[in-house]
Amino acid sequence: MNMHEEYRRKCISIDEAVGMVTSGCSIAAAMAASAPPGLLGALGRRRDEVENVRVFSALLLREYDFFLDPSMKGHFLLESWFYGAGERRGHELGTVSLIPSHGRDWGIRKARFDPPDFFWGTACPMDRHGYFSLSLGVGYEKDLLAVAKTVVLEINPNLPRTYGDTQVHISQVDYIVENEAPLYELPPIEPSTEEQAIGAFIAELIEDGSTIQLGIGGIPNAIATFLKNKKDLGVHTEMFTDGMVDLAEAGVITGRCKTLWPGKMVGNFALGTRKLYNFLNENLAIEFQPGRVTNDPRVIAKNYKMVSVNTALQIDLTGQVVSESLGHLQYSGTGGQTDTAVGAQLSRDGKSIIALRSTAKNGTISTIVPFLPEGAKVTLLRADVDYVVTEYGVAHLKARSLKERVNRLIAIAHPNFREELRHEARRLKLE
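Report follows, based on the coordinates. All values reported here derive from a predicted model rather than from experimental measurement.

Over the atoms rolls a probe the size of a water molecule, and in doing so it shows where empty space is left. By volume, the second largest pocket amounts to about 170 Å³. Every residue lining the second largest pocket is listed: Pro188, Ile189, Glu190, Pro191, Asn221, Ala224, Thr225, Lys228, Asp242, Gly243, Asp246 and Lys275. Only α9 (218–226) and α10 (242–249) provide two or more residues apiece to the lining of the second largest pocket. Residue classes in the lining of the second largest pocket are distributed as four nonpolar, three polar and five charged.

Now the structure itself:
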């Protein structure tokens, strides 16, 4: 096979690719910074020609008409595993619906029970052996690419070439579109005073030689700042972030003590700034693996001293953690919180940490509550909670009775709400 001739034969325009979409079909699109901007940006132009087209994806960060324009309702439905700001807006419009699922299951369950007609992804230019790199994400992408009837890759030379299970051969691709586009960058969030305090408490819980999983936002950024004096940390995570680059360049992340992929930073997608993307490019220390691997609690548990850090929106006095909804309002998704929390606790000397600020809405409401509001979605069961951290301290809930959990959680609640929480605990017979 002449790879370059094969490549040229499969090249089509974006309009030709989008023109293949027909009423009632389904499209699996890569997520976050891996989403194909050319293909998804052109999809809405088919509105008057198609109906009931479903698009499977997660955390689409750009403005796409096909689910943000109210007139698209009935023509396209975005089915998302994880909401960002755009998906939340689309949910209100009726153009977006959540797929409840653990991160470890995103690809394999959809592939088995609802395989797509099309797969649309992004990739680096083909190498001399006929391989593309899916670059910034393989959380579910390779699983759905393998079962899709038609595979279209949007080739972008600005994407970093990454290693691990990111490789796709030209023989696995039906069509190619070329679209040089700027990469989506998510600027780092400057931690607030409260988040800095939370970061300091969490850093104290992370021992030298630990393998860590961090998310994104002010609290994870604060944690990274306070880890600068640690030694020989490893990374086994869902998402690669800018903070991990800082720790690697400071010599804090070495992976020397890792029992699984020693010396490698392991994750399934990346989202951050150009600094992160440059760091990932052709870096043999980076290992991308699908979510069914990185998020499998049995795999996570193989890491010695695994520490999982996830954030939450609310927690009740018995330990039920709400991380994805505000009452009935769907805010994000389950993601990998349960996967990583359970996996870390199965690890030898591992820890699972839930972090949240003690108040919300400018200090007017407590995030530690006597009972959850109507419609709240429990992301992490109280039986699976280990450590909880606010800016007021650390509460270790594992193996603790309800009475002791109440006392420990009230101790790290905002002082303005402690008396009220104590009163409610007595009324509810929790004390």
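A word on the pattern of salt bridges. Scanning the model with the defined rule gives 27 salt bridges in all. Linking Arg400 and Glu404 is a salt bridge whose minimum nitrogen-to-oxygen distance equals 3.6 Å. We note a salt bridge from Arg422 to Glu431, for which the minimum N-O separation is 2.3 Å. Overall, Arg422 belongs to the partly exposed group, its relative accessible area being 22%.

This paragraph deals with a nonpolar patch on the surface. Side chains of Leu326, Leu329 and Tyr331 sit close together on the surface and give an oily, nonpolar patch of about 250 Å² of accessible area. Within the secondary structure, Leu326 is located in strand β19 (residues 325–326).

So, on to the side chain of Ser34. Take Ser34: it is sitting in the loop between β1 (26–29) and α3 (37–43). Within polar-contact distance, the side chain of Ser34 engages the backbone oxygen of Leu136 at 3.4 Å. Aside from chain neighbours lying at most four places away, what touches Ser34 is Thr122, Leu134, Leu136 and Gly137.

The seven strands lie next to each other as β4-β3-β2-β1-β5-β7-β9, forming an open sheet whose pairing is parallel. The open sheet terminates on both sides in strands that have one partner only, identified here as β4 (96–98) and β9 (175–178). Averaged over neighbouring strand pairs, the angle between their axes works out to 25° when direction is ignored. Bridge count for strand β7 (residues 150–155) against β9 is four bridges, and the pairing is parallel. When the bridges of β9 are listed, Val152 appears paired with Tyr175.

For the pair helix α15 (residues 402–411) and helix α16 (residues 415–427), interaxial distance at closest approach is 10 Å and the crossing angle is 165°. Comparing the axis directions of α15 and α16 gives the class roughly antiparallel. You can see that α15 and α16 cross each other, and the crossing is right-handed. Across the interface between the two elements, Val406, Asn407, Ile410 and Ala411 of α15 pack against Arg418, Leu421, Arg422 and Ala425 of α16. Class assignment of the residues belonging to the contact of α15 with α16 gives a composition of five nonpolar, one polar and two charged.

Definitions and limits used
- Residues numbered from 1 in each chain as written.
- Predicted model: local features only at pLDDT ≥ 70, side-chain atom pairs only at ≥ 80, totals over all residues.
- Heavy atoms only, no water.
- 1 Å grid on protein atoms, 1.4 Å probe; cavity = no way out; pocket = protein on both sides within 12 Å on 5 of 7 lines; lining within 4 Å.
- Points joined across faces, edges and corners; volume = space filled by probe spheres on them.
- Helix = DSSP H or I, 4+ residues; strand = E, 2+ residues; numbered from the N terminus.
- Nonpolar A, V, L, I, M, F, W, Y, C, P; charged D, E, K, R; others polar.
- Salt bridge = Lys/Arg side-chain N within 4 Å of Asp/Glu carboxyl O.
- Buried < 20%, exposed > 50% of the residue type's maximum accessible area, 1.4 Å probe, protein only.
- Patch = residues over 30% accessible without salt bridge, like charges linked within 9 Å, V, L, I, M, F, W, Y side chains within 5 Å.
- Areas by Shrake-Rupley, 256 points an atom, 1.4 Å probe, with all protein chains shown as cover.
- Polar contact = N/O pair within 3.5 Å; in protein donor to acceptor, adjacent residues only side chain to side chain.
- Contact = heavy atoms within 4.5 Å.
- Pairing = 2+ DSSP bridges.
- Axes fitted to C-alpha atoms, helices over the stretch in contact; angles between N-to-C directions.
- Parallel < 35°, antiparallel > 145°, perpendicular 65-115°, else oblique.
- Left-handed = near helix turned anticlockwise from the far one by under 90°.

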